[in-house]
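A look at the structure
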Amino acid sequence: MTVVGGVLVNVILVLLLAPLFEGVMRKLKAVVHSRKGPPITQPYIDIFKLLGKEDLRPNDGLLFRIAPVVALGAFLTVAALTPMGFGPPLGVAGDMIVWVYIVSLAAVAIMLGAFASGNPFSYEGASREMMMLLTVEPIVIASLLTAAFKAKSLVISDMVGWNLINGPTVSLIFAGIAFFLALQANLGRLPFDIVEAEQEIVEGPFMEYSGPRLALYKLVFYVRQLVFSFLFVSVFVPWPVVGSNIIAFLIGLVKVLILLILVAVIDVVNPRLRIDQSMNYMARVLFVAFAALAFAVIGV
């Protein structure tokens, strides 16, 4: 398969599957709340409804208009850099540094779109997005650097291959734990949905968005949780070894489903943390991530 064909396959799979996993998570949360809940196809319905709505805007600023497009484009590019049971089709074009850079680009686009809206609640949400980016991203980088140090390569597929062949090590276990403990914040889920915090800042950065652009933002969130989950299960839990790409992809889907179910359970049983509590938590997780990196340096 050509690189272009591989990229298209990754992008189409992510766009088709991401809302489905969101629907499963919503259904699970409803079950925990003893509610019937929406059908698992509800995210698809929401997106199609929003795409047909009028696009109301507080102003015609360029940043406000293009921010959702840039954010979605960034995460679809990241999807092509992420192993999903098979090697990433754009793996030769970028390593973990490019992966982190493009994820950060999406966060910056969300912040600039919020600032361009002129709404004080959006300003507050953008400020919180920046704070979360500065506190969570070092954990992701340290965790991936641990895997890179073990594999002697910054290429993500090399990290996956090294872990597949050599099995778990102390440093990679610690790195995986740190990545998992920060995953809830990376996905914007409780107890870390501080950026949107509907009851406090009324959706924050997304308050002024409606119609097709809000639909794009919803896709951004669905794609983000699928991409981060695939990265986690591919780099830190890549087993078992199978010869078929299709079987490896299906096994990857099962692992991602289990991971997102766990994320949904944590989301539904925890209240939102205050900002200072979140900072203290991330500081502890960052210590675990740095410990993993130190273990990798000393060879364990």
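Everything below is about the structure shown above.
Now for a look at the structure at hand.

Residue Pro240 is reached from Trp239 by a cis peptide bond, and omega for that bond is 0°. With respect to the element layout, Pro240 can be found in the loop between helix 9 (211-235) and helix 10 (245-269). Positive phi, close to 60°, is recorded for Ser34, a residue that is not glycine. In the Ramachandran plot, Lys152 falls in the positive-phi region, its phi being about 60° despite a non-glycine side chain. What makes Lys152 exposed here is its relative accessible area of 68%.

Let us look at helix 10. The first and last C-alpha atoms of helix 10 sit 36 Å apart over 25 residues, in line with the 36 Å expected at 1.5 Å per residue. Inspection of helix 10 places Ala248, Phe249, Gly252, Leu253, Lys255, Val256, Leu259, Leu260, Val263, Ala264, Asp267 and Val268 among the buried residues, and these make up the whole buried set. Looking at the buried residues of helix 10, the elements they touch are helix 1 (3-32), helix 7 (170-186) and helix 9. Structurally, the start of helix 10 carries an N-cap: the backbone nitrogen of Ile246 is 3.3 Å from a side-chain oxygen of Ser244.

On to the pattern of salt bridges. By the definition in use, this model includes nine salt bridges. Arg213 is the partner of Asp55 in a salt bridge, and the nearest nitrogen-oxygen pair spans 2.0 Å. Pair noted here: Asp55 is in the loop between helix 2 (42-51) and helix 3 (62-81) and Arg213 is in helix 9, with a separation of 158 residues, a long-range link. Note that Arg57 and Asp60 form a salt bridge whose closest N and O atoms lie 2.9 Å from each other. On the accessibility criterion, Arg57 (34% relative accessible area) is partly exposed. Using a relative accessible area of 55% as the deciding quantity, one classes Asp60 as exposed. Each of Glu22, Arg26, Asp46 and Arg189 takes part in one network of salt bridges that share partners.

On the surface, a cluster of nonpolar side chains totalling about 660 Å² of accessible area is made up of Phe149, Val170, Ile173, Phe174, Ile177, Val297, Ile298 and Val300. When residues of the nonpolar patch are traced back to their parent elements, those giving at least two are helix 7 and helix 11 (275-298). Counting residues per element, the nonpolar patch draws most heavily on helix 7, at four residues. Checked against the element boundaries, Val170 lands in helix 7. Among the residues examined, Val170 registers a relative accessible area of 39% and is labelled partly exposed.

Our focus in this paragraph is helix 9. Its 25 residues give helix 9 an end-to-end C-alpha distance of 36 Å, which sits within 8% of 36 Å, the value for a rise of 1.5 Å per residue. The buried fraction of helix 9 is high, at 21 of 25 residues.

This part takes up the environment of Pro39. Tracing the sequence through the fold places Pro39 in the loop between helix 1 and helix 2. Between the C-alpha atom of Pro39 and that of Arg26, which follows or precedes it by 13 residues, the distance is 8.5 Å.

This brings us to the environment of Val233. In this fold, Val233 is placed in helix 9. When the C-alpha atoms of Val233 and Val160 are compared, they prove to be 9.5 Å apart, with 73 residues separating the residues in sequence. Beyond its immediate stretch of four places on either side in the chain, Val233 contacts Pro238, Gly252, Lys255, Val256 and Leu259.

Taken as a whole and assessed by the stated rule, the structure comprises 14 aromatic pairs. Relative to Phe232, the ring of Phe180 has its centre 6.1 Å away and its plane inclined at 45°; by these criteria the two rings are tilted. Taken together, the residues span a long stretch of sequence, with Phe180 in helix 7 and Phe232 in helix 9 at a distance of 52 residues. Overall, the relative accessible area of 10% leaves Phe232 in the buried class. Aromatic side chains Phe206 and Phe221 sit 5.0 Å apart centroid to centroid with 85° between the ring planes, which places their arrangement in the edge-to-face category. Remark: Phe221 occurs in helix 9 and Phe206 occurs in the loop between helix 8 (198-201) and helix 9; sequence separation between them is 15 residues. These aromatic residues form a ring-pair network of at least three members: Trp99, Phe179, Phe180, Phe228, Phe232 and Phe236.

What counts and what doesn't
- Residues numbered from 1 in each chain as written.
- Predicted model: local features only at pLDDT ≥ 70, side-chain atom pairs only at ≥ 80, totals over all residues.
- Heavy atoms only, no water.
- Helix = DSSP H or I, 4+ residues; strand = E, 2+ residues; numbered from the N terminus.
- Buried < 20%, exposed > 50% of the residue type's maximum accessible area, 1.4 Å probe, protein only.
- Expected span 1.5 Å × (residues − 1).
- Contact = heavy atoms within 4.5 Å.
- Polar contact = N/O pair within 3.5 Å; in protein donor to acceptor, adjacent residues only side chain to side chain.
- Salt bridge = Lys/Arg side-chain N within 4 Å of Asp/Glu carboxyl O.
- Patch = residues over 30% accessible without salt bridge, like charges linked within 9 Å, V, L, I, M, F, W, Y side chains within 5 Å.
- Areas by Shrake-Rupley, 256 points an atom, 1.4 Å probe, with all protein chains shown as cover.
- Phe/Tyr/Trp six-rings, centres within 6.5 Å; stacked < 30°, edge-to-face > 60°.

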